[in-house]
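# Remarks on the overall topology
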Amino acid sequence: MASPAVHRTSIQRVSTFKERTTTTATPSSSTGTSSSLSLLDSFASDPIFSKFLSSDFNSTQFSSDALSSGTAAARAEKIQDGIRLLEKQLRLRSEGMKALERGLEGFNQAEVGAGLQVFYNLGELRSTVDGLINKYKSQGVKSVSAALDMKAISGGGGGFGGPGGIQRSGTPQIGSGGKAKEALWQRMGSCMDQLHSVVVAIWHLQRVLSKKRDPFTHVLLLDEVMQDGDPLLTARVWEAIVKSFANQMKSTFTASSFVKEIFTVGYPKLLSMIENLVERISRDTDVKGVLPAITVEGRDQMVGAIEVFQTAFLALCLSRLSDLVNSVFPMSNRGSVPSKEHISRIISRIQEEIEAVQLDACLTLLVLREISKVLLLLAQRAEYQISTGPEARQILGPATPAQVKNFTLCQHLQDIHGSISAMTKGLPPIASDILSQSLNTIYEVACDSVTSLFQSMLDHLESCILEIHNQNFGATDNNASSYMEELQKHISHFRTEFLSKLLPSSAKVISIGTESICTRLVRSMASRVLIFFIRHASLVRPLSESGKLRMARDMAELELAVGQNLFPVEQLGAPYRALRAFRPVIFLETSQLSGSPLLQDLPPSVILHHLYSRAPDELQSPMQRNKLSPLQYSLWLDSQGEDQIWKGIKATLDDYAVQVKARGDKEFSPVYPLMLSLGSSITENNVVSRKSNTIN
């Protein structure tokens, strides 16, 4: 920036610097200073002596010219005056620089301001500031070079010499790797301290420049050293440091396998050093109304300088975990089942990887992405180990070795799922999002290992319940139901041979609010058994008074068998309430049904199907009307909603009404209007539901 338009007098250009603790070379008076400056001006304008100030001064030529141009004594006196004046100016510059440097080192604004005023008065402010910037740039670059100078490391210098040094190959001598590693980290720590001092010093200089004005011209000193659009002083120094640091890091990555390994394995520590450096600088330059020394972009630039080590660190993390998974789940041996110790080792290693980076949120998320890849690999390997085929699905005999292996895999995967999910509880929500897909895959594979067994057992229990249609509930006897005895026997067998091997892990929670796989499958099976029984009990026709007692006994025995062997029935919710409601309903008079609160706990289709047992034979059920087997009709019911089931029932009621009218009868069976009323309530509820969905 050009000098201000205001012309300063000789007195105005005199330094205002006064040292506080030592005597300085400040001129004693403005007159003396003015005279000295006049002498210097005349000295500089002299055709002979001006050559003395030239950068290409020639002593021989100068002596010849001086002696041949007048009185030698006069010339000699003039030379002495000029030399004294130069010495005074040099002392002034020296003292000004000392004050400036002392103020920057001690963060003393007064001393920095005084020093800057000296050079402003001398007209040398910009060149002085540029020199300081170059000096601190050089200090920063040298500190980085000293910390990562591969020649010094290879040569054993800088703390690596003697025992524990590093050979020319860039690797430590045998037995000295630990000392070399420790010394390298110490070198990096010293480098961070030096960079902190450099940046804060430049920020301090910039801060004083932005505040101080010349007392005579009121010019802001910062305007003398910067023009619009110029980068800040701190930005110029930081850019040089980052550039040097990035170049040294790239060189280190390729030049020494030893240092590369240290910074790769210890990347979290290396990143922490940089983060701490930036945090310290930001904290120490956090002054209200003053720009900080480093911006967010500047921080990212410094972190980006070690990105090559970040990539290597993440690759190493993935490699370590993948190798462990491959050793625990080898592709070459499908029949092997990992031990609990193997699974614990995988969980522990994953936890170690997370703990190693948990102090840095961004790095933690990057590591979690690598862990997610490993979990997908683990799920793939575990899925390969699952046994399939008839021996994995049989339910009549004791558990086969293939089934026991599947049980073990299921429990192992649950342990992994639960442990990893627990690790993410203290992390930000995005951590769970990163692992959600892989954890869901782990869960699905765990389910696949036992789902076929549960489905096979459920199919068998449903077959037992279907035998209810081969019982005579219209007879007057009150014999025990053979189908129920068979059902109880198989439920007990399933508990003894299978659930006893699965349930030890069922109490474990694998994620917040989620049951274990075994518990969920058992609960689902228990609910389905109750619902399936109520459905087919409602289809029994005819149903005598003795048959009602027999059916009530069957329901009690079913409740006991399910509660003792599968799942506590009280915790099943709607299926259990339906079972408890259906038992007294079958004993109610038809006239009592419409106002009974018990109907609230039963699906409308169950009540409608039960009413067929109270209707005349000519009122056929949809199963009879369509000539379906109980199994076929049950499969159809599984695929339909209550409104569609009602349409099938309504068709039978319409057929019955036609028959009654054809006979000329004027009265219908009491169940007819009741069934119409129940059916209309289904229709009304569906209309209301559709309107609500449309509004929403």
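As the structure is a prediction and not an experimental result, all values here were calculated from the model.

Below, the discussion takes up the overall build of the chain. Check the secondary structure of the chain and you find 28 helices and zero strands. When contacts within the chain are restricted to residue pairs at least 6 apart in sequence, long-range pairs at least 24 apart make up 76% of them. Approximately 33800 Å² of the chain is accessible, and the part contributed by carbon and sulfur atoms is 53%.

What follows covers the environment of A114. Along the chain, A114 falls in helix α4 (residues 109-121). Since its relative accessible area comes to 23%, A114 is described here as partly exposed. Considered as a pair, A114 and A99 are 15 residues apart in the sequence and their alpha carbons are 7.3 Å apart.

Time to look at the packing of helix α11 (residues 267-284) against helix α13 (residues 307-328). Between α11 and α13, the least distance of the axes is 10 Å, while the angle of their chain directions is 150°. Both α11 and α13 take part in a crossing whose hand is left-handed. Between α11 and α13, the contacting residues are Y267, P268 and L270 on the first element and F309, Q310 and F313 on the second.

Counted according to the given criterion, the structure contains 11 aromatic pairs. Among the aromatic residues, those joined into a cluster by ring pairs are W185, F253, F263 and F309. Cation over ring: K260 sits above F253, and NZ or CZ is 4.3 Å from the ring centre. The residue whose ring lies beneath R550 is F473, and the NZ or CZ to ring-centre distance is 4.7 Å.

Inspection of every chain in the model, using the stated rule, returns zero disulfides. C410 forms no disulfide, and the closest cysteine sulfur to it belongs to C447, at a distance of 7.0 Å. Overall, C410 belongs to the buried group, its relative accessible area being 0%. C518 forms no disulfide, and the closest cysteine sulfur to it belongs to C410, at a distance of 7.2 Å.

What follows is about the side chain of S143. Relative to the helices and strands, S143 is located in helix α5 (residues 125-148). A polar side-chain atom of S143 sits 2.7 Å from the main-chain carbonyl oxygen of G140. Residues within four places of S143 in sequence aside, it is in contact with C191, Q194 and L195.

Another point: unusual backbone geometry. Between R541 and P542 the backbone carries a cis peptide bond, its omega angle lying at 5°. In this fold, P542 is placed in the loop between α20 (517-538) and α21 (545-565). A positive phi angle is found at F107, which is not glycine, with a value near 55°. Position of F107 among the secondary structure elements: in the loop between α3 (72-106) and α4. On the accessibility criterion, F107 (42% relative accessible area) is partly exposed.

The rules behind these values
Residues numbered from 1 in each chain as written. Predicted model: local features only at pLDDT ≥ 70, side-chain atom pairs only at ≥ 80, totals over all residues. Heavy atoms only, no water. Helix = DSSP H or I, 4+ residues; strand = E, 2+ residues; numbered from the N terminus. Contact = heavy atoms within 4.5 Å. Areas by Shrake-Rupley, 256 points an atom, 1.4 Å probe, with all protein chains shown as cover. Buried < 20%, exposed > 50% of the residue type's maximum accessible area, 1.4 Å probe, protein only. Axes fitted to C-alpha atoms, helices over the stretch in contact; angles between N-to-C directions. Left-handed = near helix turned anticlockwise from the far one by under 90°. Phe/Tyr/Trp six-rings, centres within 6.5 Å; stacked < 30°, edge-to-face > 60°. Lys NZ or Arg CZ within 6 Å of the ring centre and 35° of its normal. Disulfide = S-S within 2.5 Å. Polar contact = N/O pair within 3.5 Å; in protein donor to acceptor, adjacent residues only side chain to side chain.

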